[in-house]
Amino acid sequence: MKTRKLICLSAAILGHLLILTLNEVWTQVVYLRPGQLVKLTVKNDWSVESHSGAFIRTSNDTFYYRENKKIFGTYVGAIEKLYVSVGEKSNLKQGIMIGGLLGGLLGALRATAGSTEHSQKDNPISDPFDDAFQNLAIALGFGVGTLTGAFLGGFIGGTSRSVEWVEVPLSSISAAEMPPPVISGETIQHKMVMTDQVPMAEKYRWSCNVSTGGIASSFLCDDIEKAMIRSGFDAPVIIKEVTPEHYYSETNYPNHNTDPLKIGMPLSVQINYALTPNVFSSLLMLHSTLATVSGHHENPEIFMSLKARSIALCPLVIFRPNSGASELGFGPGLFYNQIEQRPRGQAISRRQKITMGLVGQVALRFPQRTRLFASIGLQYRWLPKFRIGPFKVTSGETIITLDPFTSDFSHAFINAGLGYHF
C-alpha cells in the first residue's frame, strides 16, 4: 500500500512538472512585423475563440490578420491575449516528462503482475511474492520504466520541433505605439502567398488516431494446438441422444477462436507529430487479444482453455510520400505477451514474457485538411519466438500438464478508425 501511494505521488509530481513545462510563458516584449505568425484569443458576446494566422497590419483600433486564405479584422479591445511566433523549439523536455510518466506507470503495472505462474482456487490470480518482495518489485519496475520511458520520450521529443510562442503585450499593438504600415494590395497578396501554409502546418502538426479491427493472421494458434496434441488434449467430444431426430454432435479438439466480437476487440492508439510535411514521429500503443484455444483430455476427462493477448508501446517513424494520404511506418516495439489459463471463463494462472519486436504499417488517411479524419491500414507486428509454459490442470488428485512450448506471437492487424488533427 505504501509503495502504491509512492507511485501515485510520483505520478502526480511528474504530471505537475509536465503542466508547468507545457504552460511556460515568456514575458519579453516582441514587436510585430507584417507576415509574422500570430495566435490570438478573441472574446465576443457568447464565447471565447482562438485564431491563428499571418499578421498584416493595424489600422486605428483594428487588428488585421490572414487565416485560411481569408483576411479578418478584429477590434483590438476584444483581444484578450496575443502571441507571436519567434521560431521553433525542441520538444525534449515534454518528451522526457511524458515518456517518464507513462514508462513509470507501465513498469509498476508490469511488476505488479509478476512473471511466474500463480494458481489458487480462493484467489484465482494471487501474487507469488510476499509483501516485502512485491513492494520492492513494484518500486524497481517503476524506476526502470521511468528511465526507459524518459529515454524513448526524450529521443522522440528531441527529434521533433514545435512553434515557440511569445506573448505580446496588448499595448504594443495600439495605433499610438505602432503606426500601421502602408501596405498596398499587391504587397498584401505577396504576404498571403508567402505565409499560405504556415497556419495550416501549425494547426495540423499533431494528430491522434484510435482504431480497431481484427487479427489477419496469427501463428500462435498452431503453436498452442500442437502443444495440446502432444500433451493429449486432442480427444473429441461426442454427444449422442436417442430422440425422434436422432441427435448427434461431435466437437473436435483442440480448436481455436479468433473472432474479435467473441474474444475482445483489439485497440490501437497512435499519436503523430509532424517533423516535416513528409516525415512524422509517432507513438503507437496497442492492445490485442490474439486467440482463445481449447483442448479436451479424455482419461481423466478435463478441459483446458488458454487465452493469449499482447500489449505494446512502439515509437515509429512515419513517411508520407508527396504529403499525400498514404503513409508508411516502421519502428521498434516493447511487447508484453501473456497467456492465461481460463477454465469456465475465469483465469486461474498466467504466463507472460516481455520482448522487443518490430512494427511496420501502411495506411490511408482522408480527408487531410480537416480536423476530423478517417483511416484504414494494415500493421505487421513481428516478435521473436520464445518458450512459454507449463500449464497445469487437476482432476481429483491427478495433475495433467501442458508442457512448455515455443510460441510465435507475430501477427498482422487490419484496422479502421477515426482521428483528430490539432
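Note that the coordinates shown come from a computational prediction; the quantities given were computed from them, not determined experimentally.

Asker: Could you give an account of the side chain of Arg 320, with specific residues and numbers?
Answerer: Along the chain, Arg 320 turns up in the loop between strand 13 (302-319) and strand 14 (326-341). Relative accessible area serves as the criterion here: at 12%, Arg 320 is assigned to the buried category. For Arg 320, the residues in contact, after removing those within four places along its chain, are Asn 272, Asn 278, Phe 280, Ser 326, Glu 327 and Arg 365.

Asker: I'd like to hear about a positive patch on the surface, residue by residue, with values.
Answerer: A cluster of basic side chains, namely Lys 226, Arg 230, Lys 385 and Arg 387, defines a positive patch on the protein surface. Residue position: Arg 387 is located in strand 17 (residues 386-388). Residue Arg 387 is classed as exposed on the basis of its relative accessible area of 55%.

Asker: Report on the environment of Pro 315, specifying residues and quantitative values.
Answerer: Along the polypeptide, Pro 315 turns up in strand 13. Judged by relative accessible area, which is 15%, Pro 315 ranks as buried. Between the alpha carbons of Pro 315 and Gly 329 there is a distance of 9.9 Å; along the sequence they are 14 residues apart. Ignoring anything within four residues of it in the chain, the contact list for Pro 315 reads Leu 152, Ile 156, Ser 282, Leu 283, Gly 331 and Pro 332.

Asker: Could you give an account of the packing of aromatic side chains, naming the residues involved and the relevant values?
Answerer: Following the criterion strictly, the structure yields six aromatic pairs and no others. Measuring from ring centre to ring centre gives 5.8 Å for Tyr 65 and Phe 72, while their planes differ by 25°; the resulting arrangement is stacked. Note on Tyr 65: relative accessible area 2%, which makes it buried. Ring centres of Tyr 253 and Phe 303 lie 5.7 Å apart, and the angle between their planes is 65°; on these two criteria the pair is classed as edge-to-face. Here the residue Tyr 253 occupies a position in the loop between strand 9 (247-251) and strand 10 (255-257), and Phe 303 occupies one in strand 13, the gap between them amounting to 50 residues. Classification of Tyr 253 as buried rests on a relative accessible area of 18%. Assessed through its relative accessible area of 41%, Phe 303 is described here as partly exposed. Every member of this aromatic cluster is reached through a ring pair, and the members are Phe 55, Phe 63, Tyr 65 and Phe 72. In this structure, Arg 57 is placed above the aromatic ring of Tyr 64, and the distance from its NZ or CZ to the ring centre is 4.8 Å.

Asker: Break down helix 6 (residues 220-230) for me, citing the residues and quoting the values.
Answerer: Every α-helical turn comprises 3.6 residues, leaving residues that sit three or four positions apart pointing alike. Among the residues of helix 6, Leu 220, Cys 221, Asp 223, Ile 224, Glu 225, Ala 227 and Met 228 are the ones counted as buried. Positive backbone phi, at 90°, marks Gly 232, one or two positions downstream of helix 6.

Asker: How would you sum up the sheet that holds strand 4 (residues 70-75)? Please name residues and give values.
Answerer: Taking strand neighbours across the sheet as the criterion, the six strands line up as 4-3-2-1-5-6 in an open arrangement whose pairing is antiparallel. Each edge of the open sheet carries a strand with a single partner, namely strand 4 and strand 6 (161-167). Averaged over all neighbouring strand pairs, the angle between strand axes comes to 45°, with direction disregarded.

Asker: An account of the environment of Ala 312 is needed here, citing residue identities and associated values.
Answerer: By the secondary structure assignment, Ala 312 is in strand 13. Overall, the relative accessible area of 6% leaves Ala 312 in the buried class. For the pair Ala 312 and Arg 381, spaced 69 residues apart in sequence, the C-alpha separation works out to 9.8 Å. Setting aside chain neighbours within four positions, we find Ala 312 in contact with Leu 284, Met 285, Leu 286, Leu 334 and Phe 335.

Asker: Could you give an account of the pairing of strand 18 (residues 391-395), with specific residues and numbers?
Answerer: Within a regular strand, the side chains alternate between the two sheet faces. Here strand 18 pairs with strand 19 (residues 398-402) via five bridges, running antiparallel. Looking across to strand 19, one finds that Lys 392 is bridged to Thr 401. In this antiparallel pair of consecutive strands, strand 18 and strand 19, the connection spans two residues, and Gly 396 shows a positive phi of 70°.

What counts, and where the lines are drawn
Residues numbered from 1 in each chain as written. Predicted model: local features only at pLDDT ≥ 70, side-chain atom pairs only at ≥ 80, totals over all residues. Heavy atoms only, no water. Helix = DSSP H or I, 4+ residues; strand = E, 2+ residues; numbered from the N terminus. Buried < 20%, exposed > 50% of the residue type's maximum accessible area, 1.4 Å probe, protein only. Contact = heavy atoms within 4.5 Å. Patch = residues over 30% accessible without salt bridge, like charges linked within 9 Å, V, L, I, M, F, W, Y side chains within 5 Å. Areas by Shrake-Rupley, 256 points an atom, 1.4 Å probe, with all protein chains shown as cover. Salt bridge = Lys/Arg side-chain N within 4 Å of Asp/Glu carboxyl O. Lys, Arg positive; Asp, Glu negative; His and termini not counted. Charge placed at Lys NZ, Arg CZ, Asp CG, Glu CD. Phe/Tyr/Trp six-rings, centres within 6.5 Å; stacked < 30°, edge-to-face > 60°. Lys NZ or Arg CZ within 6 Å of the ring centre and 35° of its normal. Pairing = 2+ DSSP bridges. Axes fitted to C-alpha atoms, helices over the stretch in contact; angles between N-to-C directions.

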